[in-house]
Amino acid sequence: STEQSVAAAVAKLEPALRALGIERVLETRALDEAAFRADPSASNRIWIGGTPMEEWLGASVGASPCCTVCGDLPCRTLEVGGSSFEAIPEALIVKAALIAAARMIGPAPVEAAPPACCAGSCTPACA
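Residues numbered from 1 in each chain as written. Predicted model: local features only at pLDDT ≥ 70, side-chain atom pairs only at ≥ 80, totals over all residues. Heavy atoms only, no water.

**Some points on the overall build of the chain**
Okay, so step 1: Secondary structure assignment for the chain yields four helices and five strands.
Okay, so step 2: Along the chain direction, N to C, the helices and strands of the chain fall in the order α-α-β-β-α-β-β-β-α.
Okay, so step 3: Looking at the chain as a whole, 31% of its 127 residues are labelled buried.
Okay, so step 4: In the chain, the proportion of contacts linking residues at least 24 apart, taken out of those at least 6 apart, comes to 54%.
Okay, so step 5: Carbon and sulfur atoms make up 57% of the accessible area of the chain, which amounts to about 8,600 Å² in all. (Helix = DSSP H or I, 4+ residues; strand = E, 2+ residues; numbered from the N terminus. Buried < 20%, exposed > 50% of the residue type's maximum accessible area, 1.4 Å probe, protein only. Contact = heavy atoms within 4.5 Å. Areas by Shrake-Rupley, 256 points an atom, 1.4 Å probe, with all protein chains shown as cover.)

This is the structure:
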């Protein structure tokens, strides 16, 4: 389910990121059984801009008993706002990516306003 959520999120994000001049690169890695057994918390991990998704969201990583794909190992969960997710929802992926994009483009430059006395025309007293 997470893989499908990522694909849907990427499709939604593409126009917005392009408009901001941010190139989207999607890289997926499948864990083989040995790698999964060695570190089940690596499954369903999503990195955005080189940072784990949970950091962008202020979320935490947890684990829950699994009855299907993970076998006898715990499923990796993402815990956000009191809710726990085994499959990462598209909306959370989009939110994390937009937060990352906002940080990538940084704050808009602020032009310094002229001193109040110089708003109309400068006099020697303003200089």
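What follows picks up the thread again.
**Thoughts on unusual backbone geometry**
Okay, so step 1: The backbone phi angle of N44 is positive, close to 60°, even though this residue is not glycine.
Okay, so step 2: On the secondary structure map, N44 appears in the loop between α2 (33-38) and β1 (47-48).
Okay, so step 3: With a relative accessible area of 31%, N44 lands in the partly exposed category.

**Digging into a nonpolar patch on the surface**
Okay, so step 1: Among the surface-exposed residues, L20, M104 and I105 lie close enough to one another that they form a single nonpolar patch of about 290 Å² accessible area.
Okay, so step 2: By secondary structure assignment, the location of I105 is in helix α4 (residues 90-105).
Okay, so step 3: Residue class for I105 comes out partly exposed when judged on its relative accessible area of 43%. (Patch = residues over 30% accessible without salt bridge, like charges linked within 9 Å, V, L, I, M, F, W, Y side chains within 5 Å. Salt bridge = Lys/Arg side-chain N within 4 Å of Asp/Glu carboxyl O.)

**Brief notes about the sheet that holds strand β3 (residues 60-64)**
Okay, so step 1: Strand order in the open sheet formed by three strands is β3-β4-β5, with antiparallel pairing between adjacent strands. The sheet is open, and its two borders are formed by β3 and β5 (83-85), each paired with just one other strand. This sheet shows a mean twist of 40° between the axes of neighbouring strands, independent of strand direction.
Okay, so step 2: Where β3 and strand β4 (residues 75-80) come together, five bridges link them in antiparallel fashion. Following the sheet pairing, A63 is matched in β4 by R76. (Pairing = 2+ DSSP bridges. Axes fitted to C-alpha atoms, helices over the stretch in contact; angles between N-to-C directions.)

**Considerations on the confidence of the model for the chain**
Okay, so step 1: Confidence in the prediction for the chain averages 83 pLDDT; 79% of positions are at 70 or higher.
Okay, so step 2: Across the chain, the secondary-structure element scoring lowest on mean pLDDT is α2, at 81, and the one scoring highest is helix α3 (residues 53-57), at 95. (pLDDT = per-residue confidence, 0-100.)

**With respect to the environment of A30**
Okay, so step 1: Along the chain, the position of A30 falls in the loop between α1 (2-19) and α2.
Okay, so step 2: Between the C-alpha atoms of A30 and N44, which are 14 residues apart in sequence, the distance is 9.7 Å.

**Focus: the nonpolar core**
Okay, so step 1: Membership of the largest hydrophobic core comes to 22 residues, with the highest contact counts inside it found for I48, M53 and L78.
Okay, so step 2: At the level of elements, α1, α3, β4 and α4 are the ones that each hand at least two residues to this core.
Okay, so step 3: For this core, the element with the most residues is α4, which contributes seven residues.
Okay, so step 4: Contacts of L78, omitting those with residues within four sequence positions, involve M53, E54, L57, A59, S60, S83, S84, F85, I88 and L92. (Core = buried A, V, L, I, M, F, W, Y, C linked by side-chain atoms within 4.5 Å.)

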